[in-house]
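A closer look at the structure
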Amino acid sequence: MAPVLAFRDLTLGYERHPAVHHLEGEVPERSLLAVCGPNGAGKSTLLKGIAGVLAPLSGRIEGAVPAQETAYLPQAAEVDRSFPIDVYDLVAMGLWRRTGLFGGIGRADRARIEAAIAAVGLEGFEDRPIATLSGGQMQRTLFARLLLQDARLILLDEPFNALDAGTIADLTALVERWNGEGRTVVAVLHDLELVRAHFPQTLLLARSTVAWGATLDVLTTSNLAVARRMCEAWDENAPACAPGEAA
Amino acid sequence: MMLYDYIVGPFAEFDFMRRALVGVLALGVGAGPIGVLMMLRRMSLAGDAMAHAILPGAAVGFLAAGLNLWAMTIGGMVAGFTVAIGAGAVARATQMKEDAALAAFYLVSLALGVLLVSLRGSNVDLLHVLFGTVLALDDPTLLLIVSIASITLLVLAVLWRPLVMESVDPGFLRSVSRAGAPSHLAFLALVVLNLVGGFHALGTLLAVGMMMLPAIAARFWSRELTTLVWLSVLIACGSGALGLLVSYHSGVPSGPAIILVAGGAYVLSVLFGPVGGLLPRLVPRRHLEA
């Protein structure tokens, strides 16, 4: 199947220091891919690169999915929780691609917004200001917005952090539903049990690839130990990376 | 009939009071929603910085052409746009946060203005620039203020969605659209326009008061954006009208009187406002069952 994403000698980083180093590989269409690895392994950086928020230091990302069909939920979504807006309006933002500046929100759209809110289990919360939501309710709201974005490629950066088991189960079911509808989902996750149970493919990252393939083959004790060792802190005086020594 | 004489009388009797009333009402209609967005975007002090930036531009216009509406307006706009758009562009193109960029730009602009004014010697008429002449609004000035209010409402109607989205979740807007940066710059331009409109009536420094005080006061009364905008416009227009009356009856300068009335509305809101006001906090009611 045609890859929805292809990394070609991709290096992403900050101030010339690589956080993702010479990454090579392809994500097939309809994948459900988990990205795992220790802190500082470059997982969030990789997602920023795919989302187009961060330009590569070298190499490139080839994608079959145009930017407007990509949905990205960053780790710390920059939502201003004190802003006077309710759940319904925040979710409705997911329709931006259809409505743009002027497009009205008609009856069909309102039905879709209500369906999205129901799908994440927030019926009755439509008029609640976002300032009054708990962490889990906020994340459900953001998932409802993702739902409306109707994206072919969905990028989730640690979407289940600090959530209770019930919320994680609900949102995981939603992720599986998206994948069942033929969407590609790439999720950064730390809960390896969850990954083993729900994500068929895993990329184990420690700045460069430790292992990439079927989850059960990737998440082995020895691979995880290698990942931890490979993930050293950045070296202020690191020499420039010579093209010939690509790891 | 006492009340009629007190409230309607001055406006019925004097042409200059009617003009002043139209001026402050138009200012309130434009500045109300702008102020709400400024406050919600945590730019409450940015307006003050921009007012300082406009002052030298208006002063230069005054020095070049005397007390000429267009010279001062264009001078103020050029200085204001340069500072607002320059600071906005620097903030977006570099690591610098917008407040820091704005501080750098307006301080340079202010210093430049003071330097230019001192080269030409001071002038009493310059006080008009500082404190406005709401009781002497002529036709062109009034037309300018009303036009600015109209432009403001039209542009806000077009850019409302991206402006709100960028305030709530800038990362999301960036990920779905490129409308964020242009609408932010357009918004800064609106801020400058309204401050320039305001300085003819209230002076450069007090013009910010008409923008920010009603918006901040309104925040104590509602958690809902549309209501906030309506309340802000209402408080701004009410302060304008009431301030004119206070000024008329007690003989104090009208610009400061208007802003002080708005300040009074703010104090009342802090004390009694149901959304986080002091009194509702001091007199806690029993908590609910669920």
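Attention in this report is confined to the structure presented alongside it. (Residues numbered from 1 in each chain as written. Chains lettered and ligands numbered in written order. Predicted model: local features only at pLDDT ≥ 70, side-chain atom pairs only at ≥ 80, totals over all residues. Heavy atoms only, no water.)

**Focus: the interface of chain B and chain A**
For the record, the criterion: Throughout, a residue-residue contact means that at least one pair of heavy atoms, one from each residue, lies within 4.5 Å. Buried area is calculated as the accessible area (1.4 Å probe) missing from two parts once they are joined, with the contributions of both summed. Salt bridge, as used here: a side-chain nitrogen of Lys or Arg that lies within 4 Å of a carboxyl oxygen of Asp or Glu. As used in this structure description, the phrase polar contact means that two N or O atoms lie within 3.5 Å; if the pair is within protein, one of them must be able to donate a hydrogen and the other to accept it, and residues adjacent in sequence are counted only when both atoms belong to side chains. Put simply, DSSP H or I for four residues or longer makes a helix, DSSP E for two residues or longer makes a strand, and each gets a number counted from the N terminus. Gly falls in the polar group here, along with every residue not listed as nonpolar (Ala, Val, Leu, Ile, Met, Phe, Trp, Tyr, Cys, Pro) or charged (Asp, Glu, Lys, Arg).
Across the boundary between the two partners, chain B contributes 22 residues, which contact 22 residues of chain A. Overall, the association of chain B and chain A removes approximately 2,000 Å² of surface from exposure, summing both partners, and the carbon and sulfur fraction of that is 62%. Taken as a group, Arg 161, Val 168 and Phe 172 of chain B account for 32% of the area that chain B buries against chain A, more than any other trio of residues on that side. Our count for the chain B to chain A interface comes out at 2 salt bridges. At the surface where chain B touches chain A, the tally comes to 5 residue pairs in polar contact (both at pLDDT 80 or more). Within the residue set of the side of chain B that touches chain A, elements represented by two or more residues are α8 (139–168), α9 (170–176) and α12 (225–250) of chain B. A breakdown of the residues in the side of chain B that touches chain A according to their chemical character gives 12 nonpolar, 3 polar and 7 charged.

**Some words on a nonpolar patch on the surface**
Residues and elements named next belong to chain B. Formally: By definition, no residue in a patch forms a salt bridge, and every one has over 30% relative accessible area; like charges are joined within 9 Å, nonpolar side chains (Val, Leu, Ile, Met, Phe, Trp, Tyr) within 5 Å. The protein chains shown are the only cover counted for residues, whose accessible areas, like all others here, come from Shrake-Rupley with a 1.4 Å probe.
A cluster of nonpolar side chains, Trp 221, Tyr 266, Val 267, Leu 268, Leu 271, Phe 272, Leu 278, Leu 279, Leu 282 and Val 283, forms an exposed patch at the surface whose accessible area comes to about 920 Å². Residue assignment for the nonpolar patch shows that the elements contributing at least two residues are α13 (254–272) and α14 (278–282). When residues in the nonpolar patch are grouped by element, the largest group, 5 residues, is from α13.

**Considerations on the sheet that holds strand β2 (residues 17–28) of chain A**
Residues and elements named next belong to chain A. Short version of the rule: Strand pairing is assigned whenever DSSP detects at least two bridges linking the two strands. As a rule, the C-alpha atoms of each element are fitted with a line to give its axis, helices using only the stretch in contact, and angles between N-to-C directions run from 0 to 180 degrees.
Reading across from one edge, β2-β1-β4 is the order of the 3 strands in this open sheet, with antiparallel pairing throughout. Both outer strands of the open sheet, β2 and β4 (58–63), are each paired with one neighbouring strand and no more. Taking each pair of neighbouring strands and ignoring which way they run, the sheet shows an average axis angle of 15°. Pairing analysis gives 8 bridges linking strand β1 (residues 3–14) to β2, with the strands arranged antiparallel. Paired with Leu 12 across the two strands is Val 20, which belongs to β2. Against the sheet, helix α1 (residues 43–51) contacts β1, β2 and β4, and its axis sits at roughly 120° relative to β1.

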